[in-house]
Structures are given as C-alpha cells and as structure tokens.
Amino acid sequence: MLESPTEPLVHTSFYQFADLSDPDAVVAIVRELVEPLTGSVLVASEGISGALAASADRIAAFEHALRTDPRLDGHFQHITFKHSACATSPFWKVRVHKKDEIVALGVPGVTGVAPNPDRSRHLSPQAWRDLLAQDDVVVIDNRNSFEYRLGRFQNAIDPKVDNFRDFPSYVQAHADQWKAEGKKVAMYCTGGIRCEKTGMWMENLGLDVYQLEGGILNFFQSLPDADRDWQGECFVFDNRIAIDTKLQETPTTADEVYNDSPDEAWRLERAHRLDSVNPKSHGKPS
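Caption draft 1: Region of the structure containing the pairing of strand β10 (residues 208-212). Counted residue by residue, β10 has four buried out of five residues, so it is predominantly covered. By the bridge criterion, two bridges tie strand β6 (residues 122-123) to β10 in an arrangement that is parallel. By the bridge assignment, Leu123 is partnered in β10 with Leu212. Sheet analysis places strand β9 (residues 184-188) next to β10, joined by four bridges and oriented parallel. What sits directly across from Lys184, in β10, is Asp208. Regarding topology, helix α6 (residues 193-203) serves as the crossover connection from β9 to the parallel β10, and that connection is right-handed.

Caption draft 2: Inspection of unusual backbone geometry at higher detail. The phi torsion at Asn155 lies on the positive side, around 70°, for a residue other than glycine. Within the secondary structure, Asn155 sits in the loop between β8 (151-153) and α5 (167-180). On the accessibility criterion, Asn155 (70% relative accessible area) is exposed. Phi at Lys160 is positive, roughly 60°, even though this residue is not glycine.

Caption draft 3: Focus on the environment of Ala61. Positionally, Ala61 belongs in helix α2 (residues 56-68). The spatial distance from the C-alpha of Ala61 to the C-alpha of Val34 is 9.8 Å, given a sequence separation of 27 residues.

Caption draft 4: Quick peek at the side chain of Glu46. On the secondary structure map, Glu46 appears in the loop between β2 (38-44) and β3 (47-54). A distance of 3.2 Å separates polar atoms of two side chains, one belonging to Glu46 and the other to Lys197. Once residues within four sequence positions are removed from consideration, Glu46 is found in contact with Gln16, Phe17, Ala18, Glu101, Ile102, Val103, Thr111, Gly112, Val113 and Lys197.

Caption draft 5: View of the sheet that holds β10. In spatial order, the strands read β6-β10-β9-β7; together these four strands make up an open sheet with parallel pairing. Bordering the open sheet on either side are β6 and β7 (137-141), each of which pairs with just one other strand. Those strands touched by α5 are β7 and β9, and its axis lies near 175° from that of β7.

Caption draft 6: Examining helix α3 (residues 125-132) more closely. The complete set of buried residues in α3 reads Pro125, Trp128, Arg129, Leu131 and Leu132. For α3, the angular spread of the buried residues around the axis is 160°, confining them to a single face. Next to the buried residues of α3 lie β6, β7, β8, β9, β10 and α7 (215-222).

Caption draft 7: Structural context of the environment of Gly112. If you trace the backbone, Gly112 turns up in the loop between β5 (94-98) and β6. The buried category is assigned to Gly112, whose relative accessible area is 8%. Each residue touching Gly112, except ones within four places of it in the same chain, is listed here: Phe17, Glu46, Glu196 and Lys197.

Caption draft 8: Inspection of the sheet that holds strand β4 (residues 80-85) at higher detail. As summarised here, the arrangement of the five strands in space is β4-β1-β3-β2-β5, forming an open sheet in which the pairing is mixed. In the strand order of this sheet, the two ends are held by β4 and β5, each with one partner. For this sheet, the mean angle separating the axes of adjacent strands, direction not counted, is 10°. In the packing of helix α1 (residues 23-33) onto the sheet, contacts are made with β2, β3 and β5, and the angle to β5 comes to roughly 170°.

Caption draft 9: Fine view of the pairing of strand β1 (residues 10-17). Of all eight residues in β1, six are buried; the element is thus mostly enclosed. Two elements, β1 and β3, share eight bridges in a ladder whose sense is antiparallel. Among the inter-strand pairings, Ser13 is bridged to a residue of β3, identified as Ala51. Here β1 pairs with β4 via six bridges, running antiparallel. The partner of Tyr15 across the bridge, within β4, is Thr80.

Thresholds applied
- Residues numbered from 1 in each chain as written.
- Predicted model: local features only at pLDDT ≥ 70, side-chain atom pairs only at ≥ 80, totals over all residues.
- Heavy atoms only, no water.
- Buried < 20%, exposed > 50% of the residue type's maximum accessible area, 1.4 Å probe, protein only.
- Helix = DSSP H or I, 4+ residues; strand = E, 2+ residues; numbered from the N terminus.
- Pairing = 2+ DSSP bridges.
- Right-handed = clockwise from strand over helix to strand, strands pointing away.
- Polar contact = N/O pair within 3.5 Å; in protein donor to acceptor, adjacent residues only side chain to side chain.
- Contact = heavy atoms within 4.5 Å.
- Axes fitted to C-alpha atoms, helices over the stretch in contact; angles between N-to-C directions.
- Arc of directions from axis to C-beta.

Here you go:
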C-alpha cells in the first residue's frame, strides 16, 4: 500500500558503489524492502542508487533493512542516506530496475568501485569550504546546465553538458590546461555519485582531484550557514523540483527551470506528466 498523500513524507537519497556478483538477486531483495515506499532504485553490478519517500518510520525501517539484511552480504552496511523535507509528494509509485551502470558515464572500463579508495580526496563540507577559498582551485559543477543555472557554488564553472556522458569530453579538453596552471580540480554534484564515478578516471589523467563528500545535499545538511557558499536553489530529480539550503522545498516549478532546447523540452514534458499525477504544492513542508 502506498503512502497517504496527507501523511508527512521524508525524502531519502542514497548510493553505494559495490562489486555485486548477482545484481538480479539484489533487485529481488530490494523490491521486497521498498514495497511500502515510493520512488526509484537502480541496481547494477557496480552497486546501488536510489531516491525514495515515505513517512519517517517507514524510511527508517527501509534504511535499517538495507544496511543489515543478511541476504545483502553486508554490501550496504556503511551506506549513507541524505534526507530532505517534502511539501509535494516526490513520487507516485515505486520501481526497482537493473541497469548496466547506476550512473551512466559511458566510458568503457570506468566504474565507481575503487579497489583502494583514497578517502582523503573526499572532502567534508567544512574542508570543501576551506578548499574553495584557495586561489589554485578550479571548481567544476558535475551536473547538467539547467541544474547549474538554478543554483551553484560561488565561482563554479558550468561545463555546459546536457548529459553526464558529455562530461568526459569536457574534462579531456581542459585537463592539460589545468595541469599546466597547477590547478587543483574541485568537483561537486547533487549527492556525490557522479563525482565518485569520474574521480578515479580523472586522476588517471594526471589531475589533482577533490570531491565534496555526499555532494550538495550533504553540504546543506551539515552546515547551517550553507548559503554563505551556495547561490540559488538545488534542483532535485523528483516532483518537488528544487530545495533551498535548509533542505526545504521551494515554490520553483519545472517551467522556471528548463529552456526550450531539445534536451530540456523533453524534460519539461516529463515534468508536466508527473505533475498531472502529483500536482506540486506551493505550501511549506509540514
């Protein structure tokens, strides 16, 4: 049974890169765990990624199960969940899919599963803030252009990509310049998954790469004064459209986010279809 639309909802987002020998089995287990929730979960041989919504107790039960269910062999015992509030129901059904990648970069051989991950490259929100204050840093927004337009870290560069698959070409075109200038590369995305996927690949290009641990959502969640460094709102890929630095849904609508380019036109059409099922609320979260 799906959540009553009048019941207060919590949104949770998560990902974990892990070497899954039987992703089909993981899909079957996760389908059991998400039955009372709404949202979407992707499973691939490289791990899991998802965004779900439900009441606080149902979200807590799901998160506990994902971490501790013995059938999952401890793959997700250290997974991190990022929460935000909902005025609008973010989703209207629940789906669990198997994919080739949990985030599609499209570069053969590149995976987010790191044999010996160097956690020093993953900066806490405070360490990220300190890095942004340095002069020898180029700050890259590892998201789509429409997300950058809505909100971004101060002095961040928009790679002007319409799809994550375009990001490697941008990096390759600028890597030699950044290295010649002795620049550190600081990159961020919404929850961290895009940066996790590209970080090791960028290091193999000879770049000095750092990423914001847990992405924008963790920065907002960790720092009460996140608006010191962040300009605007943060786009979220659900029916709420955008949140502010307090993790509260804003009144922004899809029509205010997208332009009339072919890539963004289909995104707007999809947003209108979703809104016809779960109309966006302009009120404040309960």
